[in-house]
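# Close look at the chain arrangement
The residues making up each chain are set out below.
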Amino acid sequence: MTLSIIVTDIEGLRRSGPMDLHFINHSNSSQFITNTIAQVILQLIRANRRRLSHDYQRNDEVQILTYKPGKLDPRASTPFRIIRIHTNGTVTIQRTPLVTERINIRRLRPYKR
């Protein structure tokens with residue numbers, strides 16, 4: 001089965017709801033595989049719906065997100081300047097004039113003035 005057929009089947013699965021995906025006939029293994037792939041694609045679509053694409057540039061200001069902040073704790077730190085962008089999804093930021101840190105972009109968000 002090709003990807004185009006699976007994508008057209010996803011629209012029908014979306015209308016019928018996710019409950020239909022759990023109750024499938026296991027005797028037909030190709031149908032089981034098709035439904036499993038369709039379910040994975042639907043999960044990816046849902047997960048990526050809220051993501052925003054951002055390309056970081058040198059001298060951009062970013063905030064470091066706080067891991068599990070308390071109720072009254074700030075969600076992100078003060079802005080830091082990007083010194084260098086690496087190809088593996090990390091950037092080097094300037095914490096203080098003498099301290100730099102290499103950090104993953106998933107822990108960052110752009111700072112908007």
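Attention here is on the structure that accompanies the text. Here the structure is a predicted model, which is why all the values come from computation and not from measurement. (Residues numbered from 1 in each chain as written. Predicted model: local features only at pLDDT ≥ 70, side-chain atom pairs only at ≥ 80, totals over all residues. Heavy atoms only, no water.)

### Regarding the layout of surface pockets
- By volume, the largest pocket is sized at about 560 Å³.
- What lines the largest pocket is a set of 13 residues, and nearest its centre among them are Arg-51, Leu-52, Tyr-56, Ile-105 and Leu-108.
- Among the residues making up the lining of the largest pocket, the classes are represented as six nonpolar, two polar and five charged. (1 Å grid on protein atoms, 1.4 Å probe; cavity = no way out; pocket = protein on both sides within 12 Å on 5 of 7 lines; lining within 4 Å. Points joined across faces, edges and corners; volume = space filled by probe spheres on them. Nonpolar A, V, L, I, M, F, W, Y, C, P; charged D, E, K, R; others polar.)

### Things to note about the packing of aromatic side chains
- Per the counting criterion, the structure on display carries zero aromatic pairs.
- The ring of Phe-80 is capped by Arg-95, whose NZ or CZ atom sits 5.1 Å from the centre of that ring. (Phe/Tyr/Trp six-rings, centres within 6.5 Å; stacked < 30°, edge-to-face > 60°. Lys NZ or Arg CZ within 6 Å of the ring centre and 35° of its normal.)

### Some words on the pairing of strand β4 (residues 99-104)
- Where strand β3 (residues 90-96) meets β4, six bridges bridge the pair, whose relative direction is antiparallel. Within β4, the position partnered with Val-91 by the bridge is Ile-103.
- If you look at the hairpin formed by β3 and β4, you'll find two residues sitting between the two strands. (Pairing = 2+ DSSP bridges. Helix = DSSP H or I, 4+ residues; strand = E, 2+ residues; numbered from the N terminus.)

### A word on the sheet that holds strand β1 (residues 61-64)
- Strand order in the open sheet formed by five strands is β4-β3-β2-β1-β5, and the pairing between neighbours is antiparallel. Edge positions in the open sheet fall to β4 and β5 (108-110), since each of these has one partner strand only. Geometrically, the sheet is characterised by an average inter-axis angle of 45° between neighbouring strands, direction not taken into account.
- Sheet topology note: the strand β2 (residues 80-85)/β3 ladder contains four bridges and is antiparallel. Across the sheet, residue Arg-84 finds its bridge partner in β3, namely Thr-92. (Axes fitted to C-alpha atoms, helices over the stretch in contact; angles between N-to-C directions.)

### Describing unusual backbone geometry
- Positive phi is not limited to glycine here, since Asn-59 has a value of about 75°.
- Mapped onto the secondary structure, Asn-59 falls in the loop between α3 (29-48) and β1.
- The class for Asn-59 is partly exposed, based on a relative accessible area of 47%.
- Here the phi dihedral of Lys-68 falls at roughly 50°; this positive angle occurs in a residue that is not glycine. (Buried < 20%, exposed > 50% of the residue type's maximum accessible area, 1.4 Å probe, protein only.)

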